[in-house]
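# Secondary and tertiary structure notes
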Amino acid sequence: MHRLAIIPALLVVAACGGASHPATPTPAAKVAWKDMNADQRTAFMKDVVMPRAKEVFMAFDAERYKDMDCKTCHGPGADDKSFEMPNPDIAPLPNSEEAYMAWIAKDEDAARLTPFMSEKVEPLMIELLQLTPYDPATKTGEFGCTGCHTLEGGAPPAE
C-alpha cells in the first residue's frame, strides 16, 4: 500500500486544532481489524464504521453527505465487494508537498476538506480500525491519507 507523507500543511492544521474524536463512544472490536476475516470486516464496517463515519461526515456537511453509503468511500465496487483500498474513485492526492500546496491554494473544496480529513476522518479511522497513525518523520505507521486515497502518478517521489 502506498503511504503519503502527510503534507506539512496537514501537520500545521492538526497541531493547531488537534485531533478530536466524535463524542459517540466506540464499541470495542473483539478482534483487531488486521486479524478479522472478510465477513468480520464487512460486519464491522456496517455495524460500527459506517454509523460513526456518517455521523462525522454529516456534522461536517449534511447536504453533501446526506446520501452517504458504502460507495462514498469504497466506490461502485462496494456492491459486489470488488473495491480496492486505496480507492481510485476518490480524488487522488498530489504526491509532493509543492503540488499539494498548489492544489489547496487553487481548489477551495480541497482546502476545506483538508482539515476535516486530517482532524476528524483520519483519527476516526485509526481509532476504529485500531491502527497506528502514519508518521511522516519516521515513515512508520499503518494508516494515513493513502489508506483511502491514491496518489497522482503513483507513489510519492523518493525523499
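As the structure is a prediction and not an experimental result, all values here were calculated from the model.

## Quick notes on the overall build of the protein
Looking only at helices and strands, the protein has five helices and zero strands in total. Across the protein, helices and strands are ordered from the amino to the carboxyl terminus as α-α-α-α-α. Looking at the 159 residues of the protein, the share that counts as buried comes to 39%. A fraction of 64% describes how many contacts in the protein between residues 6 or more apart in sequence connect residues 24 or more apart. In the structure as shown, the protein presents an accessible area of about 9100 Å², 57% of it carried by carbon and sulfur atoms.

## Some details on the confidence of the model for the protein
Low-pLDDT portions of the prediction should not be read for the details of their coordinates. Overall, the predicted model of the protein reaches an average pLDDT of 82, with 79% of residues at or above 70. Low confidence marks residues 1–26, where pLDDT is under 50. Its contacts with residues over four positions away, or in another chain, come to 62 contacts.

## Considering unusual backbone geometry
Cis geometry is found at the peptide bond from Met 85 to Pro 86, where omega equals 5°. Within the fold, Pro 86 resides in the loop between helix H3 (70–74) and helix H4 (97–106). A positive phi angle, near 55°, is found at Gln 130, a position not held by glycine. Position of Gln 130 among the secondary structure elements: in the segment after helix H5 (108–129).

## Looking at the packing of helix H2 (residues 38–60) against H5
Two measures define how a pair of helices packs: the angle their axes make with one another and the distance between the axes. For the pair H2 and H5, the least separation of the axes is 11 Å and the interaxial angle reads 160°. Looking at the two axes, H2 sits roughly antiparallel to H5. Taken as a pair, H2 and H5 cross one another with a handedness that is right-handed. Between H2 and H5, the residues in contact are Phe 44, Met 45, Val 48, Val 49, Arg 52, Ala 53, Val 56, Phe 57 and Phe 60 and Arg 112, Leu 113, Phe 116, Met 117, Lys 120, Val 121, Leu 124, Met 125, Glu 127, Leu 128 and Leu 129, respectively. Its residues assigned to classes, the contact of H2 with H5 shows 16 nonpolar, no polar and four charged.

## Things to note about the side chain of Asp 61
Positionally, Asp 61 belongs in the loop between H2 and H3. We classify Asp 61 as buried; its relative accessible area is 17%. A distance of 2.7 Å separates polar atoms of two side chains, one belonging to Asp 61 and the other to Arg 112.

## Focus on the packing of aromatic side chains
Applying the stated criterion across every chain yields a total of five aromatic pairs. Ring geometry for Trp 33 against Phe 44: centres 6.3 Å apart, planes inclined by 50°, an arrangement best described as tilted. Of this pair, Trp 33 sits in the loop between helix H1 (8–17) and H2 while Phe 44 sits in helix H2, placing them eleven residues apart in sequence. Of the two residues, Trp 33 and Phe 44, both sit in the buried class. Centre to centre, the rings of Phe 60 and Phe 116 are 3.9 Å apart; their planes meet at 10°, and the pair counts as stacked. Taken together, the residues span a long stretch of sequence, with Phe 60 in helix H2 and Phe 116 in helix H5 at a distance of 56 residues. An aromatic cluster of at least three residues, connected via ring pairs, comprises Phe 57, Phe 60, Tyr 65 and Phe 116.

## Points about the nonpolar core
The biggest cluster of nonpolar side chains holds 23 residues, and the ones touching the most others in it are Phe 44, Phe 57 and Leu 129. Listing elements by their share of this core, those giving two or more residues are H2 and H5. Here Leu 129 is in contact with Trp 33, Phe 44, Met 45 and Val 49, once residues within four sequence places are set aside. In this structure, Tyr 100, Trp 103, Ile 104 and Ala 110 belong to the second largest nonpolar core, which totals seven residues.

Rules used throughout
The residue numbering used here restarts from 1 in each chain and proceeds along that chain's sequence as written. Given that the model is predicted, a residue must reach a pLDDT of at least 70 before its local features are reported, and side-chain atom pairs must reach 80 or more before they are shown or counted; all residues, however, enter totals for whole chains, interfaces and linings. Side-chain figures throughout are based on the complete set of non-hydrogen atoms in the structure, without hydrogens or water. Starting at the N terminus, helices and strands are each numbered in turn, a helix being any DSSP run of H or I of at least four residues and a strand any DSSP run of E of at least two. Think of it in three bands: residues with accessible area under 20% of the maximum for their type are buried, residues over 50% are exposed, and the middle band is partly exposed, with areas taken using a 1.4 Å probe on protein chains only. Residue contacts follow a heavy-atom distance rule, with two residues in contact if any of their heavy atoms lie within 4.5 Å. Residue burial considers only the protein chains on display, and all accessible areas are found by Shrake-Rupley using a 1.4 Å probe. Each residue carries a pLDDT score, the predictor's confidence in it, ranging from 0 to 100. Working convention: axes come from line fits to C-alpha atoms, limited for helices to the stretch in contact. Angles between N-to-C directions cover 0 to 180 degrees. Note on terminology: angles under 35 degrees are roughly parallel, angles over 145 are roughly antiparallel, angles of 65 to 115 are roughly perpendicular, and the others are oblique. By the definition used in this description, the sense in which the near helix is turned from the far one sets the handedness, with an anticlockwise turn below a right angle giving left-handed and a clockwise turn giving right-handed. Classification used: nonpolar for Ala, Val, Leu, Ile, Met, Phe, Trp, Tyr, Cys and Pro, charged for Asp, Glu, Lys and Arg, polar for all others including Gly. Pairs of N or O atoms within 3.5 Å make up the polar contacts considered here, provided that, within protein, one atom can donate a hydrogen while the other can accept it, and that residues adjacent in sequence are counted only when both atoms are side-chain atoms. Only Phe, Tyr and Trp rings take part, Trp by its six-membered ring, and two of them pair if their centres are within 6.5 Å. Stacked means planes under 30 degrees apart, edge-to-face means over 60, and tilted covers everything else. Nonpolar cores were defined as sets of buried Ala, Val, Leu, Ile, Met, Phe, Trp, Tyr and Cys residues, with membership established by side-chain atoms within 4.5 Å.

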